[in-house]
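Residues per chain, in single letters:
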Amino acid sequence: MEFQIKNSAIITKQKAECLVISIASGKNQSDFVKDIDNSTHGLVSQLIKSGDISSELGRTTLLYANSNNLKQKLLFVGCDKAKNFDLSQAKKVIQAVIKEVLAKKIKNIAWDLLTINQANSAQIAKQLPQIVSDITYQFDEFKTTKAPVPSLTNVTLFTHNENELPQLASNLLQGQIIADAIATTKNIANMPSNVCNAKYLADQGKQLGKLHSSLKVTCLGEDELAKLSMNAYLAVGRGSENESIMTIIEYAGAKDKQAKPYVLVGKGLTFDSGGISIKPSAGMDEMKYDMCGAATVYGVMQAVAELKLPINVVGIMAGCENMPDGNSYRPGDILTTMSGTTVEVINTDAEGRLVLCDALTYVERYNPKAVIDIATLTGACIVALGHHYTGVMGNNDQLIAQLVSASQKAGDKAWALPIDNDFQEQIKSTCADIVNAGGRDGGTITAACFLSRFTEKYQWAHLDIAGTAWSSGAKKGATGRPVAMLIQYLLDQ
Ligand code: BES
Ligand code: MN
Ligand code: ZN
């Protein structure tokens, strides 16, 4: 799909198959509406008066060509009060318009969307490609009958203001790159575990490296992980036939190639059966999504390369599979992590933190500016924040605040949870330094407490995406979250 922006006051001159006209509440309609009203001999004001065209948020009215002097189809969309037209209002309007346009198989539209409320137009320009891509996304790789390709191929937007054009055009382009990154993350995250194992993640990483000369990709297999004493990571994968592989994607975009990098570490459990502490069978299929953290890292690294950000970034995909087997690690085992800290395994289903702790120790070598891990870590996070908010924790209040603020800007919600010392009590062990499972209460926070023991050397934040990375039920599938929030965070740097 192509998006472009033009500086024009005359919408009726556009060659598009359909003109999309925003209708705000109140007497003052836009110049576009007046322009169309004139060329239709007052039809539009008549229809507004009669209530057939309404300013009710997201209400659409389609007028076909050939009636009343019309050369194009006209799609009116209600936008309520123009001064209240913000990101969340815009989202509803965009969804309504795109659904109508797709239903009517319209191929290209010209739209006054960015003129409704200029204060928010830059933000809306960035969101538009993402919202459209979200609606048209299909994962049909394993369907014998493929979904039809969406009709819509071109979206033209307007500004009245020549000076605004460069900013809006650049935001629109950024939005397209972010939309592509989200779709890429969904594609990887939706792959089933019989296709997507740690080797698959590594191969995808290598392919991305081939596409961008700014990316360097390295893969560490079990022999290399063993040499590094990443014993907790290796223990989790021991019951699986699939090799554990940690894939490292390095991007050097800063002028100073030695500048401290931002490091992203993604949990990449390509399947989490629970291991010996096996999960109940109902819903276990969804544990193919336990690699959404790694898929997020992949999408973000793709965007970072495409946006050519002037910073250094390292992305880690910690690929692994948690399976029950004669060779599996067991409850009661004591593991010596790469950092030397010993862990008593209480529950082999609390495996994500064991993989992450060694990856988090590994990244010390980068002398990072900040480290953010992304993980479908705890079911408890769904209890705490539902499917709406990603949980944010960490050891640096400023970093946490920056992430929450980026999440708001990106419309990819996140909320901070406290990890003070009171919770650390719950991960004490009688026979090792710490346990890997701190009980039911505050499970999201005690998991973060566990990780905090391995992140003392740098500024660190942890994103628990258990509730946000995928949807269940009729709409089962990866959401691509929190790619948008992380790209926004990196853009802000
Ligand atoms: N991958 C799961 C967390 C999860 C569960 C995410 C359901 C989304 C939906 C994780 O590895 C896990 O099993 N966590 C356990 C930890 C517990 C044993 C301390 C959990 O949340 O039950
Ligand atoms: Mn688990
Ligand atoms: Zn897991």
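Undergrad: Explain the coordination of the zinc ion (ligand 3) residue by residue, including any values.
TA: Donor atoms from the polypeptide that coordinate the zinc ion (ligand 3) comprise Lys267 (NZ), Asp272 (OD), Asp290 (OD) and Glu351 (OE), at 2.0 to 2.4 Å from the metal. The sequence motif formed by the donor residues of the zinc ion (ligand 3) is K-x4-D-x17-D-x60-E.

Undergrad: Describe in detail the site of ligand 1, supporting the description with residues and values.
TA: Near ligand 1 there are 17 residues, and of these Asp272, Asp290, Asp349, Glu351 and Gly379 occur at the shortest range. Taking Lys279, its side chain carries an N or O atom lying 2.9 Å from an oxygen atom of ligand 1. Measuring from a nitrogen atom of ligand 1, one finds a backbone N or O atom of Leu377 at 3.4 Å. Isolated, ligand 1 exposes 520 Å² of accessible area, and the fraction of that covered by the protein chains is 79%. Residues of the shell around ligand 1, tallied by class, amount to six nonpolar, four polar and seven charged.

Undergrad: Pulling in residues and values, what's your account of the coordination of the manganese ion (ligand 2)?
TA: Binding of the manganese ion (ligand 2) to the protein goes through Asp272 (OD), Asp349 (O), Asp349 (OD) and Glu351 (OE), at separations of 2.1 to 2.2 Å. Relative to the metal, the six donor atoms surrounding the manganese ion (ligand 2) lie at angles of 69 to 166°, and the coordination shape comes out irregular. Counting gaps between the donor residues of the manganese ion (ligand 2) yields the pattern D-x76-D-x1-E. Between the two metals, the manganese ion (ligand 2) and the zinc ion (ligand 3), the spacing is 3.1 Å, and Asp272 donates to both. Of this pair, Asp272 sits in strand E9 (residues 262–272) while Glu351 sits in the loop between strand E12 (342–344) and helix H10 (352–362), and the two are 79 residues apart along the sequence. The pair Asp272 / Glu351 is uniform in exposure class, with both members buried.

The rules behind these values
- Residues numbered from 1 in each chain as written.
- Chains lettered and ligands numbered in written order.
- Predicted model: local features only at pLDDT ≥ 70, side-chain atom pairs only at ≥ 80, totals over all residues.
- Heavy atoms only, no water.
- Donors = N, O, S within 2.8 Å, 3.2 Å for Na, K, Ca; no water.
- Near = heavy atom within 4 Å.
- Polar contact = N/O pair within 3.5 Å; in protein donor to acceptor, adjacent residues only side chain to side chain.
- Areas by Shrake-Rupley, 256 points an atom, 1.4 Å probe, with all protein chains shown as cover.
- Nonpolar A, V, L, I, M, F, W, Y, C, P; charged D, E, K, R; others polar.
- Tetrahedral: all angles 85-135°; square planar, octahedral: opposite > 155°, others 65-115°.
- Helix = DSSP H or I, 4+ residues; strand = E, 2+ residues; numbered from the N terminus.
- Buried < 20%, exposed > 50% of the residue type's maximum accessible area, 1.4 Å probe, protein only.

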